[in-house]
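Chains, contacts and geometry: an overview
Each chain, written out:
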Amino acid sequence: MKVSLLSIYPDVQSFGLRTISACLKREGHDVDLFFLTREFRERFEEKTMNDLVELTKNTDLLGISLMSNFWDNAIQITRKIKKNYNIPVLWGGTHPTVRPDECLDHADMVCIGESEEAIIELTRKMQKGEYYYDVKGMGFKTNEKKINNGHRPLPGSTGSMFATLDEIPAPDYDYKSHYTLDTTDFVLNKNNGSITKMNLKHLESFENIYMTQPTRGCPFACTFCVNNATLAMYPHQKPIRKRSIQHVINELLYVKENLPFIKKIKFDDDAFFLHSLDDMKELAKQYKEKINIPLMITGATPSTLKRGKLDVLVDAGLIEMRMGIQTAGDRTKVLYKRPHSNEEVENAVKMVNDHKDKVTAWYDIILDSPWDTEEDTIQTLMFLAKLPTPYKLTLFSLLFYPGTDLYRKAKDDGIVKDDVEDIYRRHYNGIKPTYLNNLFVLLNQYVSIDIGISPKIISFLVNKNMRKLKLSWALYKTLKISLPFFKMMREVQTALKDLLKGNWIKIWNQMKKWSLRKKARLRYEISLGFKKLIKTTNIL
(Lines give C-alpha, C1' and ligand atoms only; values in the text may rest on other atoms or scores of the structure.)
Protein backbone atom coordinates (compact mmCIF):
# COMPACT_ATOMS: atom_id res chain seq x y z
CA MET A 1 0.00 0.00 0.00
CA LYS A 2 1.31 3.45 -0.95
CA VAL A 3 1.13 6.10 1.78
CA SER A 4 2.22 9.75 1.56
CA LEU A 5 2.77 11.65 4.83
CA LEU A 6 3.13 15.43 4.86
CA SER A 7 4.84 17.64 7.44
CA ILE A 8 3.94 21.31 6.90
CA TYR A 9 6.03 22.76 9.73
CA PRO A 10 9.05 25.10 9.33
CA ASP A 11 11.53 22.37 10.32
CA VAL A 12 12.14 18.73 9.37
CA GLN A 13 12.18 17.16 12.84
CA SER A 14 8.52 16.00 12.95
CA PHE A 15 9.04 13.29 15.56
CA GLY A 16 5.44 12.02 15.43
CA LEU A 17 5.18 11.79 11.66
CA ARG A 18 8.60 10.15 11.33
CA THR A 19 7.62 7.58 13.96
CA ILE A 20 4.35 6.78 12.17
CA SER A 21 6.28 6.40 8.90
CA ALA A 22 8.62 3.91 10.62
CA CYS A 23 5.62 1.94 11.91
CA LEU A 24 4.07 1.77 8.43
CA LYS A 25 7.35 0.73 6.81
CA ARG A 26 7.69 -2.05 9.37
CA GLU A 27 4.22 -3.19 8.26
CA GLY A 28 5.55 -3.44 4.71
CA HIS A 29 3.95 -0.31 3.26
CA ASP A 30 5.60 1.99 0.72
CA VAL A 31 5.85 5.36 2.46
CA ASP A 32 6.89 8.76 1.10
CA LEU A 33 7.58 11.52 3.61
CA PHE A 34 7.20 15.14 2.46
CA PHE A 35 8.67 18.06 4.42
CA LEU A 36 7.02 21.18 3.02
CA THR A 37 8.79 23.65 5.28
CA ARG A 38 6.69 26.79 5.66
CA GLU A 39 5.76 29.28 8.35
CA PHE A 40 2.03 29.00 8.87
CA ARG A 41 1.36 32.54 7.60
CA GLU A 42 2.86 31.69 4.20
CA ARG A 43 0.73 29.85 1.66
CA PHE A 44 2.33 27.30 -0.66
CA GLU A 45 3.24 28.39 -4.18
CA GLU A 46 1.31 26.93 -7.09
CA LYS A 47 4.49 25.15 -8.23
CA THR A 48 4.69 23.36 -4.88
CA MET A 49 1.08 22.26 -5.15
CA ASN A 50 1.50 21.03 -8.73
CA ASP A 51 4.64 19.07 -7.82
CA LEU A 52 2.82 17.50 -4.87
CA VAL A 53 -0.06 16.41 -7.10
CA GLU A 54 2.37 14.77 -9.51
CA LEU A 55 4.34 13.01 -6.76
CA THR A 56 1.22 11.61 -5.04
CA LYS A 57 -0.58 10.30 -8.12
CA ASN A 58 -0.14 6.66 -7.04
CA THR A 59 -0.91 7.25 -3.36
CA ASP A 60 -3.60 5.19 -1.62
CA LEU A 61 -3.67 7.34 1.53
CA LEU A 62 -2.39 10.87 2.17
CA GLY A 63 -1.81 12.09 5.71
CA ILE A 64 -1.12 15.60 6.99
CA SER A 65 0.18 16.47 10.45
CA LEU A 66 -0.94 19.84 11.81
CA MET A 67 -1.16 22.05 14.83
CA SER A 68 -3.85 24.72 15.10
CA ASN A 69 -1.73 27.45 13.51
CA PHE A 70 -1.23 25.39 10.35
CA TRP A 71 -4.96 25.17 9.66
CA ASP A 72 -4.95 27.25 6.45
CA ASN A 73 -2.06 25.35 4.86
CA ALA A 74 -3.62 21.98 5.66
CA ILE A 75 -6.82 23.13 3.96
CA GLN A 76 -4.88 24.43 0.94
CA ILE A 77 -3.20 21.05 0.41
CA THR A 78 -6.35 19.03 1.05
CA ARG A 79 -8.37 21.01 -1.49
CA LYS A 80 -5.64 20.64 -4.11
CA ILE A 81 -5.41 16.88 -3.65
CA LYS A 82 -9.21 16.48 -3.61
CA LYS A 83 -9.49 18.50 -6.81
CA ASN A 84 -7.19 16.06 -8.62
CA TYR A 85 -7.66 12.66 -6.97
CA ASN A 86 -10.29 10.60 -5.24
CA ILE A 87 -8.03 9.39 -2.43
CA PRO A 88 -8.70 9.60 1.31
CA VAL A 89 -6.99 12.49 3.12
CA LEU A 90 -6.15 11.91 6.77
CA TRP A 91 -5.36 14.65 9.28
CA GLY A 92 -3.46 13.98 12.51
CA GLY A 93 -1.66 15.91 15.22
CA THR A 94 -2.71 18.09 18.13
CA HIS A 95 -5.46 20.02 16.33
CA PRO A 96 -7.41 17.02 14.99
CA THR A 97 -7.03 15.46 18.44
CA VAL A 98 -8.87 18.30 20.17
CA ARG A 99 -11.09 19.34 17.21
CA PRO A 100 -11.92 16.16 15.24
CA ASP A 101 -15.37 17.26 14.06
CA GLU A 102 -14.12 20.60 12.78
CA CYS A 103 -11.31 18.88 10.87
CA LEU A 104 -13.76 16.47 9.26
CA ASP A 105 -15.28 19.45 7.46
CA HIS A 106 -12.19 19.20 5.24
CA ALA A 107 -10.47 15.84 5.77
CA ASP A 108 -11.97 12.37 5.15
CA MET A 109 -10.58 10.97 8.39
CA VAL A 110 -8.72 12.14 11.48
CA CYS A 111 -6.48 10.57 14.11
CA ILE A 112 -7.34 11.32 17.73
CA GLY A 113 -4.39 11.21 20.12
CA GLU A 114 -1.14 9.31 19.64
CA SER A 115 -1.74 7.56 16.37
CA GLU A 116 0.75 4.74 15.72
CA GLU A 117 -1.66 1.96 16.62
CA ALA A 118 -4.70 3.50 14.91
CA ILE A 119 -2.88 3.98 11.60
CA ILE A 120 -1.51 0.45 11.69
CA GLU A 121 -5.04 -0.96 12.11
CA LEU A 122 -6.44 1.43 9.47
CA THR A 123 -3.90 0.49 6.80
CA ARG A 124 -4.23 -3.23 7.53
CA LYS A 125 -7.98 -3.02 6.94
CA MET A 126 -7.65 -0.76 3.89
CA GLN A 127 -5.15 -3.13 2.29
CA LYS A 128 -7.46 -6.11 2.86
CA GLY A 129 -10.50 -4.20 1.60
CA GLU A 130 -12.20 -4.50 4.98
CA TYR A 131 -14.58 -2.08 6.69
CA TYR A 132 -12.43 0.44 8.57
CA TYR A 133 -14.87 3.07 9.84
CA ASP A 134 -14.84 1.39 13.25
CA VAL A 135 -11.13 1.97 14.00
CA LYS A 136 -10.72 3.28 17.54
CA GLY A 137 -8.77 6.48 17.99
CA MET A 138 -10.10 7.85 14.70
CA GLY A 139 -12.93 9.87 13.22
CA PHE A 140 -14.41 9.55 9.74
CA LYS A 141 -16.68 11.36 7.30
CA THR A 142 -18.84 9.23 5.02
CA ASN A 143 -21.89 10.35 3.03
CA GLU A 144 -21.76 13.68 4.88
CA LYS A 145 -22.05 11.82 8.20
CA LYS A 146 -19.33 12.20 10.84
CA ILE A 147 -18.21 9.27 12.96
CA ASN A 148 -16.11 9.64 16.11
CA ASN A 149 -14.85 6.33 17.49
CA GLY A 150 -13.33 7.85 20.60
CA HIS A 151 -9.92 7.16 22.09
CA ARG A 152 -7.85 4.03 22.25
CA PRO A 153 -5.24 3.11 24.89
CA LEU A 154 -2.09 5.21 24.79
CA PRO A 155 1.05 3.44 23.52
CA GLY A 156 2.90 2.03 26.50
CA SER A 157 -0.34 1.64 28.50
CA THR A 158 -2.48 -1.37 29.37
CA GLY A 159 -4.57 -2.48 26.38
CA SER A 160 -2.30 -1.05 23.70
CA MET A 161 -0.62 -3.25 21.07
CA PHE A 162 2.56 -1.51 22.29
CA ALA A 163 2.99 -2.72 25.87
CA THR A 164 6.00 -0.41 26.22
CA LEU A 165 7.35 2.49 24.18
CA ASP A 166 10.40 0.34 23.38
CA GLU A 167 8.22 -1.64 20.96
CA ILE A 168 7.72 1.43 18.75
CA PRO A 169 10.39 1.81 16.05
CA ALA A 170 12.73 4.80 15.98
CA PRO A 171 11.77 7.79 13.80
CA ASP A 172 12.23 7.28 10.05
CA TYR A 173 15.38 9.05 8.85
CA ASP A 174 15.75 7.06 5.64
CA TYR A 175 15.99 10.35 3.74
CA LYS A 176 16.27 8.66 0.34
CA SER A 177 12.49 8.10 0.41
CA HIS A 178 11.79 11.64 1.63
CA TYR A 179 11.00 14.84 -0.24
CA THR A 180 11.47 18.51 0.61
CA LEU A 181 11.36 21.93 -1.00
CA ASP A 182 14.31 22.48 -3.33
CA THR A 183 16.75 24.68 -1.41
CA THR A 184 18.53 27.31 -3.51
CA ASP A 185 20.47 28.88 -0.63
CA PHE A 186 21.44 26.61 2.25
CA VAL A 187 22.78 29.46 4.38
CA LEU A 188 19.61 31.57 4.35
CA ASN A 189 17.41 28.49 3.81
CA LYS A 190 15.72 29.86 0.68
CA ASN A 191 13.90 27.61 -1.80
CA ASN A 192 12.33 27.96 -5.24
CA GLY A 193 9.01 26.29 -4.41
CA SER A 194 9.64 23.04 -6.25
CA ILE A 195 9.67 19.66 -4.46
CA THR A 196 12.77 17.49 -4.74
CA LYS A 197 14.22 14.31 -3.24
CA MET A 198 15.86 15.00 0.11
CA ASN A 199 19.59 14.56 0.60
CA LEU A 200 22.03 14.93 3.47
CA LYS A 201 22.66 18.56 2.62
CA HIS A 202 18.97 19.37 3.04
CA LEU A 203 18.93 17.68 6.44
CA GLU A 204 22.16 19.39 7.44
CA SER A 205 20.74 22.83 6.65
CA PHE A 206 18.19 22.51 9.47
CA GLU A 207 20.43 23.31 12.45
CA ASN A 208 22.27 19.95 12.57
CA ILE A 209 20.02 18.88 15.45
CA TYR A 210 18.52 15.43 15.97
CA MET A 211 15.36 15.49 18.08
CA THR A 212 13.87 12.56 19.98
CA GLN A 213 11.59 11.91 22.96
CA PRO A 214 12.70 9.62 25.82
CA THR A 215 9.27 10.03 27.48
CA ARG A 216 5.70 10.76 26.48
CA GLY A 217 3.07 12.66 28.44
CA CYS A 218 3.14 15.45 31.01
CA PRO A 219 2.28 15.33 34.74
CA PHE A 220 0.85 18.86 34.72
CA ALA A 221 -2.41 20.25 33.36
CA CYS A 222 -1.50 23.92 32.82
CA THR A 223 -4.63 25.65 31.57
CA PHE A 224 -2.95 27.17 28.46
CA CYS A 225 -1.39 23.92 27.19
CA VAL A 226 -2.70 21.11 24.97
CA ASN A 227 -1.75 18.69 27.76
CA ASN A 228 -4.63 20.27 29.66
CA ALA A 229 -6.92 18.73 27.05
CA THR A 230 -5.15 15.41 26.50
CA LEU A 231 -4.91 14.58 30.22
CA ALA A 232 -8.69 14.95 30.43
CA MET A 233 -9.11 12.55 27.50
CA TYR A 234 -7.28 9.74 29.30
CA PRO A 235 -8.29 10.07 32.99
CA HIS A 236 -7.73 6.38 33.80
CA GLN A 237 -4.38 5.88 32.03
CA LYS A 238 -0.94 6.75 33.27
CA PRO A 239 0.05 9.98 31.51
CA ILE A 240 3.82 9.45 31.80
CA ARG A 241 5.39 6.64 29.81
CA LYS A 242 9.15 6.16 29.58
CA ARG A 243 11.42 4.42 27.14
CA SER A 244 14.22 2.30 28.57
CA ILE A 245 17.65 3.88 28.71
CA GLN A 246 19.08 1.23 26.39
CA HIS A 247 16.36 1.88 23.80
CA VAL A 248 17.24 5.58 23.72
CA ILE A 249 20.97 4.86 23.46
CA ASN A 250 20.44 2.37 20.61
CA GLU A 251 18.51 5.01 18.67
CA LEU A 252 21.31 7.54 19.15
CA LEU A 253 23.96 5.01 18.11
CA TYR A 254 22.10 4.64 14.80
CA VAL A 255 22.04 8.43 14.44
CA LYS A 256 25.74 8.74 15.12
CA GLU A 257 26.56 6.09 12.53
CA ASN A 258 24.14 7.10 9.78
CA LEU A 259 23.69 10.87 10.16
CA PRO A 260 27.26 12.15 10.45
CA PHE A 261 26.26 15.82 10.13
CA ILE A 262 24.38 15.79 13.45
CA LYS A 263 26.14 18.13 15.88
CA LYS A 264 23.56 18.20 18.71
CA ILE A 265 21.02 15.82 20.23
CA LYS A 266 17.78 17.27 21.61
CA PHE A 267 15.53 15.48 24.12
CA ASP A 268 12.29 17.32 23.41
CA ASP A 269 9.71 15.98 25.85
CA ASP A 270 7.80 17.27 28.89
CA ALA A 271 8.84 14.78 31.55
CA PHE A 272 12.48 13.87 31.03
CA PHE A 273 13.52 14.75 34.57
CA LEU A 274 10.98 12.29 35.98
CA HIS A 275 13.50 9.56 35.24
CA SER A 276 15.01 8.26 38.47
CA LEU A 277 18.50 9.32 39.51
CA ASP A 278 19.75 5.77 38.88
CA ASP A 279 18.33 5.82 35.35
CA MET A 280 19.80 9.27 34.78
CA LYS A 281 23.23 8.08 35.91
CA GLU A 282 23.04 5.08 33.57
CA LEU A 283 21.95 7.27 30.66
CA ALA A 284 24.72 9.79 31.36
CA LYS A 285 27.35 7.06 31.59
CA GLN A 286 26.39 5.43 28.29
CA TYR A 287 25.81 8.76 26.57
CA LYS A 288 29.29 10.01 27.49
CA GLU A 289 30.98 6.75 26.48
CA LYS A 290 29.05 5.88 23.31
CA ILE A 291 27.42 9.03 21.93
CA ASN A 292 29.49 12.01 23.09
CA ILE A 293 27.51 14.61 21.10
CA PRO A 294 26.45 17.91 22.75
CA LEU A 295 23.07 17.43 24.42
CA MET A 296 20.02 19.72 24.69
CA ILE A 297 17.07 19.04 27.02
CA THR A 298 13.69 20.80 27.06
CA GLY A 299 11.78 18.68 29.58
CA ALA A 300 12.71 20.57 32.74
CA THR A 301 10.35 22.03 35.34
CA PRO A 302 11.22 23.78 38.61
CA SER A 303 9.81 20.89 40.66
CA THR A 304 11.42 18.01 38.74
CA LEU A 305 14.88 19.51 38.21
CA LYS A 306 17.21 18.07 40.85
CA ARG A 307 20.89 18.85 41.38
CA GLY A 308 22.07 15.24 41.25
CA LYS A 309 20.37 14.64 37.91
CA LEU A 310 21.58 17.92 36.46
CA ASP A 311 25.19 17.33 37.53
CA VAL A 312 25.49 13.93 35.83
CA LEU A 313 23.92 15.29 32.63
CA VAL A 314 26.34 18.21 32.50
CA ASP A 315 29.19 15.76 32.90
CA ALA A 316 27.73 13.71 30.01
CA GLY A 317 27.69 16.70 27.66
CA LEU A 318 24.61 18.84 28.42
CA ILE A 319 25.13 22.26 26.81
CA GLU A 320 21.60 23.70 26.67
CA MET A 321 18.35 23.30 28.58
CA ARG A 322 14.91 24.87 28.59
CA MET A 323 12.54 25.31 31.51
CA GLY A 324 9.08 26.80 31.72
CA ILE A 325 8.64 29.68 34.15
CA GLN A 326 5.67 31.26 32.32
CA THR A 327 4.87 33.77 35.08
CA ALA A 328 5.85 34.92 38.54
CA GLY A 329 2.55 36.69 39.14
CA ASP A 330 0.61 35.20 42.07
CA ARG A 331 -2.80 35.66 40.41
CA THR A 332 -1.55 34.42 37.05
CA LYS A 333 -0.05 31.26 38.56
CA VAL A 334 -3.51 30.36 39.86
CA LEU A 335 -5.07 31.12 36.48
CA TYR A 336 -2.50 28.95 34.67
CA LYS A 337 -2.53 26.21 37.35
CA ARG A 338 1.24 26.46 37.64
CA PRO A 339 2.16 24.41 40.73
CA HIS A 340 5.64 25.86 41.24
CA SER A 341 6.36 28.59 43.79
CA ASN A 342 8.68 31.46 42.91
CA GLU A 343 11.11 30.10 45.47
CA GLU A 344 11.20 26.75 43.64
CA VAL A 345 11.79 28.53 40.34
CA GLU A 346 14.58 30.65 41.79
CA ASN A 347 16.30 27.60 43.31
CA ALA A 348 16.10 25.76 39.98
CA VAL A 349 17.55 28.74 38.11
CA LYS A 350 20.43 29.03 40.61
CA MET A 351 21.08 25.31 40.19
CA VAL A 352 21.40 25.73 36.42
CA ASN A 353 23.45 28.90 36.82
CA ASP A 354 26.07 26.94 38.77
CA HIS A 355 26.90 25.39 35.37
CA LYS A 356 26.73 28.64 33.39
CA ASP A 357 30.16 28.07 31.84
CA LYS A 358 28.86 24.90 30.18
CA VAL A 359 25.07 25.19 29.93
CA THR A 360 22.98 27.82 28.12
CA ALA A 361 19.67 28.26 29.96
CA TRP A 362 16.40 29.14 28.21
CA TYR A 363 13.28 30.08 30.19
CA ASP A 364 9.75 30.38 28.79
CA ILE A 365 7.58 33.37 29.67
CA ILE A 366 3.95 33.95 28.60
CA LEU A 367 2.75 37.53 28.06
CA ASP A 368 -0.44 39.23 26.85
CA SER A 369 -2.91 37.56 29.19
CA PRO A 370 -6.12 39.65 28.99
CA TRP A 371 -6.77 38.88 32.66
CA ASP A 372 -3.41 40.22 33.86
CA THR A 373 -3.15 43.64 35.40
CA GLU A 374 -0.02 45.77 35.02
CA GLU A 375 0.89 44.74 38.57
CA ASP A 376 0.79 41.05 37.56
CA THR A 377 3.11 41.68 34.62
CA ILE A 378 5.47 43.85 36.66
CA GLN A 379 5.70 41.12 39.32
CA THR A 380 7.10 38.74 36.66
CA LEU A 381 9.46 41.40 35.29
CA MET A 382 10.86 42.19 38.75
CA PHE A 383 11.29 38.49 39.52
CA LEU A 384 13.28 37.89 36.33
CA ALA A 385 15.52 40.88 37.04
CA LYS A 386 16.58 39.26 40.34
CA LEU A 387 17.65 35.96 38.76
CA PRO A 388 21.36 35.21 38.23
CA THR A 389 22.61 35.77 34.70
CA PRO A 390 23.25 34.73 31.99
CA TYR A 391 20.04 33.20 30.68
CA LYS A 392 17.78 33.65 27.67
CA LEU A 393 14.03 34.18 27.55
CA THR A 394 11.57 32.78 25.02
CA LEU A 395 8.67 35.22 25.08
CA PHE A 396 5.28 33.84 24.07
CA SER A 397 2.01 35.64 23.46
CA LEU A 398 -0.84 33.80 25.17
CA LEU A 399 -3.03 31.92 22.69
CA PHE A 400 -6.23 30.12 23.61
CA TYR A 401 -5.82 26.72 22.03
CA PRO A 402 -9.02 24.69 21.60
CA GLY A 403 -9.70 22.11 24.26
CA THR A 404 -7.90 23.99 27.03
CA ASP A 405 -9.46 25.58 30.12
CA LEU A 406 -8.28 29.03 29.03
CA TYR A 407 -9.95 28.59 25.64
CA ARG A 408 -13.27 27.96 27.33
CA LYS A 409 -12.76 30.94 29.65
CA ALA A 410 -11.83 33.19 26.72
CA LYS A 411 -14.95 32.09 24.84
CA ASP A 412 -17.15 32.67 27.89
CA ASP A 413 -15.63 36.12 28.44
CA GLY A 414 -16.11 37.11 24.80
CA ILE A 415 -12.36 37.42 24.15
CA VAL A 416 -12.34 34.81 21.38
CA LYS A 417 -15.05 35.49 18.80
CA ASP A 418 -13.62 33.84 15.69
CA ASP A 419 -11.34 30.83 16.28
CA VAL A 420 -9.62 31.08 12.90
CA GLU A 421 -8.79 34.79 13.14
CA ASP A 422 -8.26 35.02 16.90
CA ILE A 423 -6.27 31.78 17.32
CA TYR A 424 -5.27 29.84 14.23
CA ARG A 425 -3.85 32.85 12.36
CA ARG A 426 -2.06 34.37 15.35
CA HIS A 427 1.58 33.58 16.14
CA TYR A 428 2.50 32.50 19.65
CA ASN A 429 5.77 34.46 19.36
CA GLY A 430 4.01 37.64 18.27
CA ILE A 431 3.92 39.54 21.57
CA LYS A 432 2.08 42.86 21.57
CA PRO A 433 4.26 46.01 21.24
CA THR A 434 3.38 47.41 24.67
CA TYR A 435 5.78 49.32 26.90
CA LEU A 436 5.97 46.53 29.49
CA ASN A 437 6.48 43.89 26.80
CA ASN A 438 9.31 46.03 25.38
CA LEU A 439 10.91 45.93 28.83
CA PHE A 440 10.84 42.11 28.73
CA VAL A 441 12.58 42.23 25.35
CA LEU A 442 15.17 44.69 26.65
CA LEU A 443 15.77 42.64 29.80
CA ASN A 444 16.22 39.53 27.67
CA GLN A 445 18.85 41.29 25.56
CA TYR A 446 20.82 42.29 28.65
CA VAL A 447 20.58 39.05 30.63
CA SER A 448 21.60 37.00 27.59
CA ILE A 449 24.99 38.78 27.53
CA ASP A 450 25.46 38.23 31.28
CA ILE A 451 24.92 41.87 32.29
CA GLY A 452 21.27 42.07 33.24
CA ILE A 453 19.32 45.09 34.46
CA SER A 454 19.18 45.61 38.20
CA PRO A 455 15.82 45.40 40.02
CA LYS A 456 16.27 49.06 41.05
CA ILE A 457 16.47 50.15 37.42
CA ILE A 458 13.49 47.95 36.48
CA SER A 459 11.58 49.47 39.41
CA PHE A 460 12.34 52.93 38.04
CA LEU A 461 11.31 51.90 34.52
CA VAL A 462 7.90 50.61 35.67
CA ASN A 463 7.17 53.37 38.20
CA LYS A 464 3.93 55.11 37.21
CA ASN A 465 5.08 58.57 38.27
CA MET A 466 8.36 58.24 36.38
CA ARG A 467 6.42 57.06 33.33
CA LYS A 468 4.11 60.07 33.49
CA LEU A 469 7.13 62.38 33.61
CA LYS A 470 8.67 60.50 30.64
CA LEU A 471 11.78 59.81 32.74
CA SER A 472 11.27 56.04 32.41
CA TRP A 473 11.05 56.43 28.66
CA ALA A 474 14.32 58.40 28.63
CA LEU A 475 16.11 55.70 30.65
CA TYR A 476 14.62 52.98 28.44
CA LYS A 477 15.97 54.73 25.33
CA THR A 478 19.36 55.15 26.96
CA LEU A 479 19.54 51.42 27.72
CA LYS A 480 18.53 50.57 24.15
CA ILE A 481 21.15 52.89 22.67
CA SER A 482 23.82 51.48 25.01
CA LEU A 483 23.06 47.84 24.18
CA PRO A 484 25.28 47.55 21.04
CA PHE A 485 28.25 48.84 23.03
CA PHE A 486 27.73 46.27 25.80
CA LYS A 487 27.26 43.50 23.21
CA MET A 488 30.50 44.46 21.49
CA MET A 489 32.34 44.48 24.81
CA ARG A 490 31.04 40.99 25.61
CA GLU A 491 32.02 39.70 22.17
CA VAL A 492 35.52 41.11 22.61
CA GLN A 493 35.80 39.53 26.07
CA THR A 494 34.64 36.16 24.68
CA ALA A 495 37.06 36.36 21.76
CA LEU A 496 39.94 37.20 24.11
CA LYS A 497 39.06 34.23 26.34
CA ASP A 498 39.04 31.93 23.33
CA LEU A 499 42.39 33.33 22.18
CA LEU A 500 43.96 32.83 25.59
CA LYS A 501 42.58 29.29 25.76
CA GLY A 502 43.78 28.55 22.23
CA ASN A 503 40.26 27.75 20.91
CA TRP A 504 41.35 28.41 17.32
CA ILE A 505 38.80 26.00 15.79
CA LYS A 506 35.92 27.74 17.57
CA ILE A 507 37.15 31.17 16.47
CA TRP A 508 37.62 29.98 12.86
CA ASN A 509 34.16 28.35 12.73
CA GLN A 510 32.49 31.51 14.07
CA MET A 511 34.28 33.68 11.53
CA LYS A 512 33.43 31.25 8.73
CA LYS A 513 29.75 31.15 9.73
CA TRP A 514 29.60 34.95 9.89
CA SER A 515 31.28 35.25 6.48
CA LEU A 516 28.94 32.72 4.85
CA ARG A 517 25.85 34.50 6.15
CA LYS A 518 27.12 37.89 5.01
CA LYS A 519 27.89 36.58 1.51
CA ALA A 520 24.52 34.82 1.29
CA ARG A 521 22.69 37.94 2.46
CA LEU A 522 24.58 40.05 -0.11
CA ARG A 523 23.67 37.64 -2.92
CA TYR A 524 20.04 37.68 -1.79
CA GLU A 525 19.89 41.48 -1.66
CA ILE A 526 21.50 41.73 -5.12
CA SER A 527 18.99 39.25 -6.58
CA LEU A 528 16.12 41.22 -5.03
CA GLY A 529 17.55 44.41 -6.52
CA PHE A 530 17.68 42.85 -10.00
CA LYS A 531 14.10 41.60 -9.66
CA LYS A 532 12.89 45.08 -8.69
CA LEU A 533 14.85 46.64 -11.56
CA ILE A 534 13.38 44.19 -14.09
CA LYS A 535 9.88 44.79 -12.69
CA THR A 536 10.34 48.58 -12.96
CA THR A 537 11.69 48.27 -16.50
CA ASN A 538 8.72 46.17 -17.57
CA ILE A 539 6.30 48.73 -16.11
CA LEU A 540 8.04 51.55 -17.99
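Here, every reference points to the structure presented above.
Every value quoted in this text rests on a predicted model; they were computed, and no experiment measured them.

The rules behind each value
- Residues take numbers from 1 onward in each chain, read along the sequence in its written order.
- Residues qualify for local features only when their pLDDT is at least 70, as the model is predicted, and side-chain atom pairs are given and counted only at 80 or more; totals for whole chains, interfaces and linings, by contrast, use all residues.
- Derived side-chain values reflect all non-hydrogen atoms in the structure, with water molecules and hydrogen atoms excluded from consideration.
- Strand pairing is assigned whenever DSSP identifies at least 2 bridges connecting the two strands.
- Helix and strand definitions follow DSSP, with helices as H or I runs of at least four residues and strands as E runs of at least two, each counted in order from the N terminus.
- Under this scheme, a helix contributes an axis fitted over its contacting stretch, all axes are lines through C-alpha atoms, and angles between N-to-C directions fall in the 0 to 180 degree range.
- Each angle receives one of four descriptions, namely roughly parallel if under 35 degrees, roughly antiparallel if over 145, roughly perpendicular if within 65 to 115, and oblique otherwise.
- Rotating anticlockwise by less than a right angle from the far helix to the near helix defines a left-handed crossing, while the corresponding clockwise rotation defines a right-handed one.
- In what follows, a contact means two residues having at least one pair of non-hydrogen atoms within 4.5 Å.
- By nonpolar core is meant a set of buried Ala, Val, Leu, Ile, Met, Phe, Trp, Tyr and Cys residues that side-chain atoms within 4.5 Å join together.
- Exposure classes here rest on a 1.4 Å probe applied to the protein chains alone. A residue is buried below 20% of its type maximum, exposed above 50%, and partly exposed in between.
- Working definition: a ring pair exists when centres of Phe, Tyr or Trp rings (six-membered ring for Trp) sit within 6.5 Å. Plane angles under 30 degrees give stacked, over 60 give edge-to-face, the rest tilted.
- Both a distance and an angle decide whether a charge sits over a ring: NZ of Lys or CZ of Arg must be within 6 Å of the ring centre and within 35 degrees of the ring normal.
- Polar contacts, as used here, are pairs of N or O atoms within 3.5 Å; protein pairs need one atom able to donate a hydrogen and one able to accept it. Residues neighboring in sequence count only if both atoms are side-chain atoms.
- Relevant arc is that of directions from the helix axis to the C-beta atoms, nothing else.

This next bit is on the sheet that holds strand S17 (residues 392-397). An order of S10-S13-S14-S15-S16-S17 is seen for the six strands of this open sheet, with the pairing classed as parallel. The strands lining the two open edges of the sheet, one partner per strand, are strand S10 (209-212) and S17. Strand-to-strand twist of the sheet, defined as the mean angle between neighbouring strand axes without regard to direction, takes the value 20°. As judged from the six bridges shared by strand S16 (residues 360-367) and S17, these two strands associate in the parallel manner. When the bridges of S17 are listed, Tyr 363 appears paired with Leu 393.

This next bit is on the packing of helix H2 (residues 46-55) against helix H3 (residues 71-84). Look at H2 against H3: their axes get within 10 Å of each other, and the N-to-C directions meet at 50°. Classed by the angle they form, the pair H2 and H3 counts as oblique. The two elements H2 and H3 cross, and the hand of that crossing is right-handed. Contact with H2, carried on its side by Glu 46, Met 49, Asn 50, Leu 52 and Val 53, involves Gln 76, Ile 77, Lys 80, Ile 81 and Asn 84 of H3 and no other residues of that element.

Attention shifts here to the nonpolar core. Ranked by internal contacts, the top residues of the largest apolar core, which has 95 residues, are Ile 265 and Leu 384. The biggest single contributor to this core is helix H17 (residues 435-447), with seven residues. When sequence neighbours within four positions are dropped, the list of residues in contact with Leu 384 reads Ile 325, Ile 365, Tyr 391, Leu 393, Phe 440 and Leu 443. One finds Tyr 9, Ile 75, Leu 104 and Tyr 336 within the second-largest nonpolar core, a separate group that totals 49 residues.

This part is about the environment of Glu 491. With respect to the helices and strands, Glu 491 occurs in helix H20 (residues 471-501). On a C-alpha basis, the gap between Glu 491 and Ile 449 in space is 8.9 Å, while along the polypeptide they are 42 residues apart.

Another aspect to go through is the packing of aromatic side chains. If you walk through the whole model with that rule in mind, you get 19 aromatic pairs. By way of ring pairs, the aromatic residues Tyr 131, Tyr 132, Tyr 133 and Phe 140 are connected into one cluster. Arg 18 extends its terminal NZ or CZ atom over the ring of Tyr 173, reaching a point 3.7 Å from the ring centre.

All right, on to the environment of Asn 463 then. Inspection of the secondary structure puts Asn 463 in the loop between helix H18 (455-462) and helix H19 (464-468). The spacing of Asn 463 and Pro 100 is 363 residues in sequence and 48 Å in space, taken between C-alpha atoms. A distance of 2.9 Å separates a polar atom in the side chain of Asn 463 from the backbone nitrogen of Asn 465.

Residues separated by three or four positions in an α-helix point in the same direction, a consequence of the helix having 3.6 residues per turn. When helix H11 (residues 307-316) is considered as a whole, its buried residues turn out to be Lys 309, Leu 310, Leu 313, Val 314 and Ala 316. On an axial view of H11, the arc spanned by its buried residues comes to 155°, and they lie on one face. Buried residues along H11 sit against helix H10 (277-291), strand S14 (295-300), strand S15 (318-326) and helix H13 (342-353). Of the residues one or two after H11, Gly 317 is the one with positive phi, at around 125°.

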